[in-house]
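An overview of the molecular structure
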Amino acid sequence: MEYIDIVDEQGNPTGEKVERSIAHSQGIRHRTAHIWIVRKVNGRYQVLMQKRAMNKESFPGMFDTSSAGHIQAGDEPLESALREFHEELGIRAQPQELEFAGNFRISYEKEFYGKMFRDNEIAFVYIYSQPVDETKLVLQKEEVDEKTPTYKHQMSFHVATAKYPDGKPDRCSMSWMHKIHTRSDTMSQNTCREELQC
């Protein structure tokens with residue numbers, strides 16, 4: 001079983017922990033760590049997005065942030081982000097290569113496989129802007145879909161319409177990233193780029 005920390009509204013651990021499946025069945029607030037692989041092309045920012053494996057407990061086969069995972073009980077957001085980054089994509093990043101962009105709340109209820117999934121999380125977001133060749137990533141089959149025809153469909157850059165003032169992501173950019181889960185069913189598997197409005 002995987003245990004995660006119960007947190008307050010600011011994402012601080014309360015000292016209590018809960019099993020992950022119970023957190024999702026009861027909607028108990030917890031933490032996740034996200035990394036967005038970002039590059040700038042022709043003055044616009046793009047984020048590398050993965051297509052979730054079909055056996056995922058929520059939003060199977062839909063597009064998601066570059067790398068993300070639950071922060072295990074007792075762990076810190078940065079160490080969790082780095083671990084998930086390597087496990088999911090095979091990238092060994094250094095702490096100084098990640099820029100903390102902030103955190104935001106994700107809260108929703110949706111039915112998957114005949115039962116309710118209640119997500120109530122505080123996401124800690126980091127930016128990774130080092131060069132990445134998406135065709136050479138080492139994908140974790142349990143997390144990333146490997147049944148799509150080519151690597152560009154498994155991991156592909158999508159255009160971020162939100163502008164980053166002074167090169168830093170803003171709340172608008174984080175809000176459109178959150179829309180990926182709910183809109184990804186309308187994003188064509190054969191289309192590598194999708195503009196997401198804030």
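Predicted model only: the values in this text are computed from it and were never measured.

**Examining the overall build of the chain**
Helix and strand counts for the chain stand at four helices and nine strands. For the chain, the α and β elements follow one another from N to C terminus as β-β-α-β-β-β-β-α-β-β-α-β-α. Put simply, the chain has 198 residues, and 52% of those count as buried. Counted over contacts in the chain with a minimum sequence separation of 6, partners at least 24 positions apart contribute 64%. Of the accessible surface of the chain, which amounts to about 9,900 Å², a share of 46% is contributed by carbon and sulfur atoms.

**Some remarks on the side chain of His70**
As for its placement among the helices and strands, His70 is situated in strand E6 (residues 67-70). Polar contacts involving the side chain of His70 include one to the side chain of His30, which spans 3.4 Å. Apart from the residues lying within four places of it in its own chain, the contact partners of His70 are Glu2, Ile4, Arg20, His24, His30, Arg31, Thr32, Ser80 and Glu84.

**Observations concerning the nonpolar core**
Of all hydrophobic cores here, the largest spans 21 residues; its most connected members are Ile37, Phe85, Ile91 and Tyr128. Listed by contribution, the elements that provide at least two residues to this core are strand E3 (30-41), helix H2 (77-89) and strand E8 (115-128). Sequence-distant contacts of Phe85, that is, excluding residues within four places in its chain, are made with Ile35, Ile37, Ser67, Gly90, Ile91, Ala93 and Tyr128. By size, the runner-up hydrophobic cluster in this structure holds 17 residues, among which are Trp36, Phe59, Phe104 and Ala123.

**So, the pattern of salt bridges**
Using the criterion set out here, one finds four salt bridges in the structure. When the shortest N-O distance is used, the salt bridge between Glu2 and Arg20 registers 3.1 Å. Here Glu2, found in the segment before strand E1 (3-7), pairs with Arg20, found in helix H1 (residues 20-26); they are 18 residues apart in sequence, far enough to count as distant. Between Glu109 and Arg118 there is a salt bridge, with its nearest N and O atoms 3.6 Å apart. Taking the relative accessible area as the measure of exposure, Glu109 reaches 54% and is therefore exposed. Judged by relative accessible area, Arg118 falls into the partly exposed class, the value being 27%.

**Things to note about unusual backbone geometry**
Even without a glycine there, the phi angle at Phe59 is positive, about 50 degrees. With respect to the helices, strands and loops of the structure, Phe59 is situated in the loop between strand E4 (44-51) and strand E5 (63-64). Under the relative-accessibility criterion, Phe59 is labelled buried at 2%.

**Looking at H2**
Here H2 is 13 residues long and its end C-alpha atoms lie 18 Å apart, about the 18 Å a rise of 1.5 Å per residue gives. Along H2, the residues that are buried comprise Pro77, Ser80, Ala81, Leu82, Glu84, Phe85, Glu88 and Leu89. With its phi angle positive at about 80 degrees, Gly90 sits one or two positions after the end of H2.

**Brief notes about the side chain of Thr32**
Following the sequence through the fold, Thr32 ends up in strand E3. You can call Thr32 buried: its relative accessible area is 3%. Within the local environment of Thr32, its side chain forms a polar contact with the side chain of Glu121, the two groups lying 2.5 Å apart. Apart from the residues within four sequence positions on either side, Thr32 is in contact with Gly69, His70, Ile71, Glu121, Ile122, Ala123 and Phe124.

**What about the confidence of the model for the chain?**
For the chain, the mean per-residue pLDDT works out to 77, and 73% of the residues sit at or above 70. In the predicted structure, residues 147-156 sits below a pLDDT of 50 and forms 37 contacts with residues beyond four places in sequence or in another chain. Residue range residues 159-176 is modelled with pLDDT below 50. Its contacts to residues more than four positions away, or to other chains, number 50 contacts.

**A few points about the environment of Glu16**
Within the fold, Glu16 resides in strand E2 (residues 13-19). On the accessibility criterion, Glu16 (52% relative accessible area) is exposed. Here the alpha-carbon distance between Glu16 and Ala73, two residues 57 residues apart in the chain, equals 9.0 Å. The residues contacting Glu16, other than those within four sequence positions of it, are Asp5 and Ile6.

Cut-off values and rules
Residues numbered from 1 in each chain as written. Predicted model: local features only at pLDDT ≥ 70, side-chain atom pairs only at ≥ 80, totals over all residues. Heavy atoms only, no water. Helix = DSSP H or I, 4+ residues; strand = E, 2+ residues; numbered from the N terminus. Buried < 20%, exposed > 50% of the residue type's maximum accessible area, 1.4 Å probe, protein only. Contact = heavy atoms within 4.5 Å. Areas by Shrake-Rupley, 256 points an atom, 1.4 Å probe, with all protein chains shown as cover. Polar contact = N/O pair within 3.5 Å; in protein donor to acceptor, adjacent residues only side chain to side chain. Core = buried A, V, L, I, M, F, W, Y, C linked by side-chain atoms within 4.5 Å. Salt bridge = Lys/Arg side-chain N within 4 Å of Asp/Glu carboxyl O. Expected span 1.5 Å × (residues − 1). pLDDT = per-residue confidence, 0-100.

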